[in-house]
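Given next are the chains, with one letter for each unit.
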Amino acid sequence: YASTAYQAWLRYEKLPAELAEAYVQLCSKIYAAGNVAEDPVLRSAQEELLEGLQAMLGQQPELTDTAGDAALLAGTLDEPEIAGLIDKDEAAKVDEEGYLLHTVISGGSRKLVIAGTTSKGVLYGVFHFLRILQTRGRIDNLSVIENPANKLRMINHWDNMDGSIERGYAGESIFYRDHAFIEDLSRIRDYARLMAAVQLNAVVINNVNVHETETKLITKEFLPQVARVAEVFRAYGIRLYLSINFAAPIQAGGLETADPLDPQVRRWWQDRAKEIYEHVPDFGGFLVKADSEHRPGPFTYGRDHADGANMLAEALEPYGGIVIWRCFVYNCMQDWRDRSTDRAKAAYDHFRPLDGRFHERVILQIKNGPMDFQVREPVSPLFGGLTRTNQMLELQITQEYTGQQIHLCYLVPQWKEVVDFDTYAAGEGSTVARTVSGELFNRPLGGFAGVANIGNDENWTGHLLAQANFYGYGRLAWKPTLTSEEITDEWVRITFGHDPQVVETISRMLLESWSIYENYTAPLGVGWMVNPGHHYGPNVDGYEYSRWGTYHFADCHGIGVDRTVKTGTGYTAQYHEPHASRYESLEECPDELLLFFHHVPYTHVLHSGKTVIQHIYDTHFEGVEQAAELVERWRSLEGKIDAERYESVLERLLEQAEHAKEWRDVINTYFYRKSGIADQHGRKIY
Ligand code: GCU
């Protein structure tokens, strides 16, 4: 594919002549230090640099063997030609995966140095440098040093080997078809490039729900294929991980038990580890969903999650692998009549008592919220609840509950709220970002995991603008202090060019889209109200009488879940102060989370001055108008964007605008019928 949609953020638009001229002097002669031929990551760096420059500058840069002749030098900091140009103190600031981009004067001429401590740093430096050109920044006086905030910057694929993707909205898997690996790895390579360009370094290539065939990925049957894929990713600095089935010793090993304390079981996993590393020497490790939504786990054997995770960590430890253990553990067989169980409390209740018991090579992977990637949730209190355990933040890039890549819902602003959330676990400034990076409690491991939103659709993400979610995820995982505006501006310029009207319009569409989506869907933090199973479209009571623990409790008087200590489930006590009191208090609870924490009458007055029922009506009418405006805003760009991309986005926006009406009418009608309270403005409610 050569389409701009396929190229995504590796689209290197040819620069206007005056700009190219300003760059060309520093970019035309390149010296690549190190053994490029033998080091696949350095080779990728060089290829990327040449390809990007050639496309943007419109001329082939020249590779020279003599460092002295070159204007641009790239390589690791220990190469003499590079070291000679860089101040030692500056070089010392570059971490294992970090890099520097410096413009220096040497021998009377200006030179540009792209250097990392490792080859991976060089690759990241190259991508950063190309991004400067893509966004038309200056390069004549560069003094950039970047190190990743997070060691692990990971993508989780929920791909199944039959080719389907659980919660995938952009076609089928790029890895598998018909219970086998896809032979042609070129698309995986293109994907690895996209990942590396946003400095992601880890990938799990199969679904956390590990079915029959996938259970055998860690056996001889598939390991040679896994190794081929790992090799593709390796050249881009990305380590491969697999999701495992906790019952694999039974299902793939023929043992009678999967008890983590059983010597035979432990031996079986040790043998697997040995075999895996024979095929994939830099294998990353295992991702585990255990005792969750009917997946097997240590509970079956009366063991706890530390027993299970530690057993696997011990098996991988000799080879440097790690275990990422998910905290999405709750009772999915709850009786809706049972008002004492609160799903929101489950992760904290399960894992907090185990704090300090996990092996150093185990990371707990915690979803951003206590429920399941709703349009609005509070931040999971588990982030503030663990101080002696490695932690990782799990975000859902794929838009399961946020419009399934038919609706525009740019999630970076939501994620920013999560990473900037102060848990107060060690006093003020104990943000989620600092918790998961490991910095706050001085943990050896940590990072971000994002559930992929890509598939084999030509534009990767179905909705072209959903590419921004993947891009933004990578940027945030590298540097959580970036603002939504910075990330958005970058992505729009790289993807659509620099016309001020285009940049302004698309940036604002993206930045406002989450709030628009929230307006016409589940109100005030209550969540759900979707069709069961596939989770698309409105169904207020879809989960109200089910086993999943996701209720809103609406009746003729009011709505919301009482999670207070005083009269409810006691969930608010899982937070540190000041959050515990703030959420507990009806007066202080933020409007957007009110129904998550409190059950209130429809006439309850919000901080905004509106009653809850009027808020529901107003936001739903407004949300539909805003969705219609998105269409008009996009139409104002006709002719400024190539027809293919213009039309494909327009089509989705039109569908969103139509479907938003369905949401509005179902929700408004439901609450009008329940409450009997009319809209103050007399608008049409059915
Ligand atoms: C959600 C989602 C499932 C997924 C699960 C998980 O419940 O709907 O498809 O398997 O989360 O994160 O494990």
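Model, not experiment: these values are computed from the prediction.

Engineer: I would appreciate a short explanation of the pairing of strand E14 (residues 362–367) in the present structure.
Structural biologist: Where a strand is regular, its side chains alternate between the two sheet faces. Taken across its 6 residues, E14 has 6 buried, putting it largely inside the fold. Bridging between strand E13 (residues 322–326) and E14 involves 4 bridges; their strand directions are parallel. Across the sheet, residue Arg 326 finds its bridge partner in E14, namely Gln 365. As a crossover connection, the stretch from E13 through helix H13 (residues 346–351) into E14 is right-handed. In this sheet, strand E15 (residues 390–396) lies alongside E14 in parallel orientation, the contact comprising 5 bridges.

Engineer: What am I meant to see in the sheet that holds strand E10 (residues 202–204) here?
Structural biologist: The strands that make up a sheet pair up through hydrogen bonds in the backbone, lying either parallel or antiparallel. Pairing within the closed barrel is parallel, and its 8 strands lie in the order E7-E10-E11-E12-E13-E14-E15-E16. Ignoring strand direction, the axes of neighbouring strands in this sheet form an average angle of 25 degrees. In the sheet, strand E12 (residues 285–288) pairs with E13 via 4 bridges, with the strands oriented parallel. Across the sheet, Gly 285 pairs through a bridge with Ile 322, a residue of E13. Strands in contact with helix H9 (residues 223–234) are E10 and strand E11 (239–244); relative to E11, the strand with the most contacts, it is inclined by about 140 degrees.

Engineer: What am I meant to see in the site of the ligand here?
Structural biologist: The environment of the ligand is made up of 14 residues, and the closest members are Glu 166, Lys 289, Arg 326, Lys 367 and Glu 400. Taking Arg 326, its side chain carries an N or O atom lying 2.6 Å from an oxygen atom of the ligand. Within the side chain of Lys 367, one N or O atom sits 2.7 Å away from an oxygen atom of the ligand. Residues of the shell around the ligand, tallied by class, amount to 4 nonpolar, 2 polar and 8 charged.

Scoring rules and cut-offs
Residues numbered from 1 in each chain as written. Predicted model: local features only at pLDDT ≥ 70, side-chain atom pairs only at ≥ 80, totals over all residues. Heavy atoms only, no water. Buried < 20%, exposed > 50% of the residue type's maximum accessible area, 1.4 Å probe, protein only. Helix = DSSP H or I, 4+ residues; strand = E, 2+ residues; numbered from the N terminus. Pairing = 2+ DSSP bridges. Right-handed = clockwise from strand over helix to strand, strands pointing away. Axes fitted to C-alpha atoms, helices over the stretch in contact; angles between N-to-C directions. Contact = heavy atoms within 4.5 Å. Near = heavy atom within 4 Å. Polar contact = N/O pair within 3.5 Å; in protein donor to acceptor, adjacent residues only side chain to side chain. Nonpolar A, V, L, I, M, F, W, Y, C, P; charged D, E, K, R; others polar.

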